[in-house]
Amino acid sequence: MKFPWGVGVAAVWWGATVRVAREAGRFGAGAPPSPERARRHGLVRTELVAAGAVLQEAGRRLEELMPPGSMGEWDALGAGTREALAGLSQEVRAVVASAGTRVLGHVRVLGGAVGLAQDEDLARSVADLEVYLAQHPADRAAVGLGQPA
């Protein structure tokens, strides 16, 4: 089967990114308010909303492109549909992986060394997301997305 399951994988990455953001919020809940922390949390929220919107649109497109009962029937779909599904998968994975990577950067600043070393839930959520995102070959994916259609 050649179906581009990348949209589903990207949804898992997004869920892991949400978990990282929640753990960072929980960890920093007792910290005094600061504009810098608020900025980082705002940037994290923006990444989550943008990646979530891309996933929602991808779900709509999948329903549009794949008739009911066609899951797993890759060869029965037309070449144009297969190409559209593969492109959709590449785009969604790239967007969600980029968002997850940026969220990790913000969370590393929000948690700092203490959070990443001493808060087991925060550290585990960060490590899990790093492993998930390691599945995405960002450079190769960008080359593929940069090719003329």
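Residues numbered from 1 in each chain as written. Predicted model: local features only at pLDDT ≥ 70, side-chain atom pairs only at ≥ 80, totals over all residues. Heavy atoms only, no water.

A. Structural view of the nonpolar core. With 25 residues, the main nonpolar core has Val92, Val96 and Val107 as its most contacted residues. Only helix H1 (6-27), helix H2 (35-65), helix H3 (79-118) and helix H4 (120-133) provide two or more residues apiece to this core. Sequence-distant contacts of Val107, that is, excluding residues within four places in its chain, are made with Val20, Ala24, Gly112, Leu122 and Val126. (Core = buried A, V, L, I, M, F, W, Y, C linked by side-chain atoms within 4.5 Å. Buried < 20%, exposed > 50% of the residue type's maximum accessible area, 1.4 Å probe, protein only. Helix = DSSP H or I, 4+ residues; strand = E, 2+ residues; numbered from the N terminus. Contact = heavy atoms within 4.5 Å.)

B. Broad picture of H1. Look at H1: 31 Å from first C-alpha to last across 22 residues, which is about the 32 Å you get at 1.5 Å a residue. Along H1, the residues that are buried comprise Gly6, Val7, Ala10, Trp13, Ala16, Thr17, Val18, Val20, Ala21, Glu23 and Ala24. Those residues of H1 that are buried are in contact with H2, H3 and H4. (Expected span 1.5 Å × (residues − 1).)

C. Up close: the pattern of salt bridges. A full pass over the atoms with the stated rule returns nine salt bridges. Close ionic contact of Arg26 with Glu23 constitutes a salt bridge, the shortest N to O distance being 2.8 Å. Within this pair, Arg26 and its partner Glu23 are both found in helix H1, separated by three residues, close to a single helical turn. A salt bridge links Arg26 to Asp119, with the shortest nitrogen-to-oxygen separation between them at 2.6 Å. Of this pair, Arg26 sits in helix H1 while Asp119 sits in the loop between H3 and H4, and the two are 93 residues apart along the sequence. Several salt bridges converge on common partners, so that one network encompasses Glu57, Arg60, Arg61 and Glu64. (Salt bridge = Lys/Arg side-chain N within 4 Å of Asp/Glu carboxyl O.)

D. Geometry of the side chain of Thr17. Examined against the element boundaries, Thr17 turns out to sit in helix H1. What Thr17 contacts, discounting residues up to four positions off in sequence, is Leu48, Gly100, Val103 and Leu129.

E. Here's a closer look at the confidence of the model for the chain. Of the residues in the chain, 92% have a pLDDT of 70 or more, and the chain-wide mean is 89. The element-level mean pLDDT for the chain is lowest in helix H5 (residues 138-146), coming to 73, with H4 highest at 97. (pLDDT = per-residue confidence, 0-100.)

F. Examining the side chain of Asp119 more closely. When its relative accessible area of 13% is taken as the criterion, Asp119 is described as buried. Within polar-contact distance, the side chain of Asp119 engages the side chain of Arg26 at 2.6 Å. Polar contacts involving the side chain of Asp119 include one to the main-chain amide nitrogen of Leu122, which spans 2.8 Å. Residues within four places of Asp119 in sequence aside, it is in contact with Arg26, Phe27 and Val114. (Polar contact = N/O pair within 3.5 Å; in protein donor to acceptor, adjacent residues only side chain to side chain.)

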